[in-house]
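Fold and geometry: a report
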Amino acid sequence: MSEHVAVSKVNAQTAEHGGALGKLVAFSLTLAIAPISSYFISERYLWAGQSGDYSSEDLYVSNRIPGNSTYAAITAIVAANVVLVAYIIVSVRDDKQEPAPVAPAGELESKKTK
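Residues numbered from 1 in each chain as written. Predicted model: local features only at pLDDT ≥ 70, side-chain atom pairs only at ≥ 80, totals over all residues. Heavy atoms only, no water.

Describing the overall build of the chain
Per the secondary structure count, the chain includes three helices and zero strands. Overall, the chain shows an N-to-C arrangement of helices and strands of α-α-α. By the burial criterion, 12% of the 114 residues in the chain qualify as buried. In the chain, of all internal contacts separated by at least 6 residues, the share reaching a separation of at least 24 is 65%. For the chain, the exposed surface amounts to about 9100 Å²; the carbon and sulfur share of it is 62%. (Helix = DSSP H or I, 4+ residues; strand = E, 2+ residues; numbered from the N terminus. Buried < 20%, exposed > 50% of the residue type's maximum accessible area, 1.4 Å probe, protein only. Contact = heavy atoms within 4.5 Å. Areas by Shrake-Rupley, 256 points an atom, 1.4 Å probe, with all protein chains shown as cover.)

Some remarks on the UniProt feature "transmembrane region" (unreviewed entry) in the chain
The residues that UniProt annotates with the feature "transmembrane region" (unreviewed entry) are residues 21-41 and 70-90. Between the C-alpha atoms that bound residues 70-90 the distance is 31 Å, and the span itself is 100% helix and 0% strand. (UniProt positions renumbered as here; feature names shortened; annotations may be inferred.)

Thoughts on a nonpolar patch on the surface
A cluster of nonpolar side chains, contributed by L21, L24, V25, L29 and I33, occupies part of the molecular surface with about 470 Å² of accessible area. Within the secondary structure, V25 is located in helix α1 (residues 2-46). Exposure remark for V25: the relative accessible area of 44% places this residue in the partly exposed category. (Patch = residues over 30% accessible without salt bridge, like charges linked within 9 Å, V, L, I, M, F, W, Y side chains within 5 Å. Salt bridge = Lys/Arg side-chain N within 4 Å of Asp/Glu carboxyl O.)

What about helix α3 (residues 69-96)?
Between its first and last C-alpha, α3 extends 41 Å over 28 residues, near the 40 Å set by a 1.5 Å rise per residue. Buried within α3 we find A72, A76, A79, A80 and V83. The distance from a side-chain oxygen at the start of α3 to the backbone nitrogen of T70 is 3.0 Å, and the residue carrying that oxygen is N68. (Expected span 1.5 Å × (residues − 1). Polar contact = N/O pair within 3.5 Å; in protein donor to acceptor, adjacent residues only side chain to side chain.)

Considerations on the side chain of S38
Note that S38 resides in helix α1. Judged by its relative accessible area of 16%, S38 falls in the buried class. Not counting residues within four places of it along the chain, the set of residues in contact with S38 comprises T75, A76 and A79.

Side note on the packing of aromatic side chains
Considering all chains together, one arrives at three aromatic pairs under this definition. Measuring from ring centre to ring centre gives 5.2 Å for F27 and Y87, while their planes differ by 65°; the resulting arrangement is edge-to-face. Pair noted here: F27 is in helix α1 and Y87 is in helix α3, with a separation of 60 residues, a long-range link. Taking the relative accessible area as the measure of exposure, Y87 reaches 30% and is therefore partly exposed. (Phe/Tyr/Trp six-rings, centres within 6.5 Å; stacked < 30°, edge-to-face > 60°.)

Focus: the environment of Y71
Position of Y71 among the secondary structure elements: in helix α3. With 29 residues separating them in the primary sequence, Y71 and S42 have C-alpha atoms 8.2 Å apart.

Next comes the structure, spelled out in structure tokens:
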């Protein structure tokens, strides 16, 4: 009988923490993708032409005005920090929520009480 109670407690805990694992995976992927993509996108479109140290050969070879890589790196750092702060806020918010009430062991139904 105690095995059934233990299994039900483990299943309840797994279901409770399953959402946390999904959030961790989602934020991990976002932390991997967001800074890299924000670097290249901001370098190409946001900071294009800001460096000022390019020649006509650069324009001919790359067919675009090179961007400022320092500003693009700062943009990537900001993106990574935004993801981290968002993860911390979501984690604290989840931690503050009340867990689902679990019935005490003495109140569980058994075959004898049915």
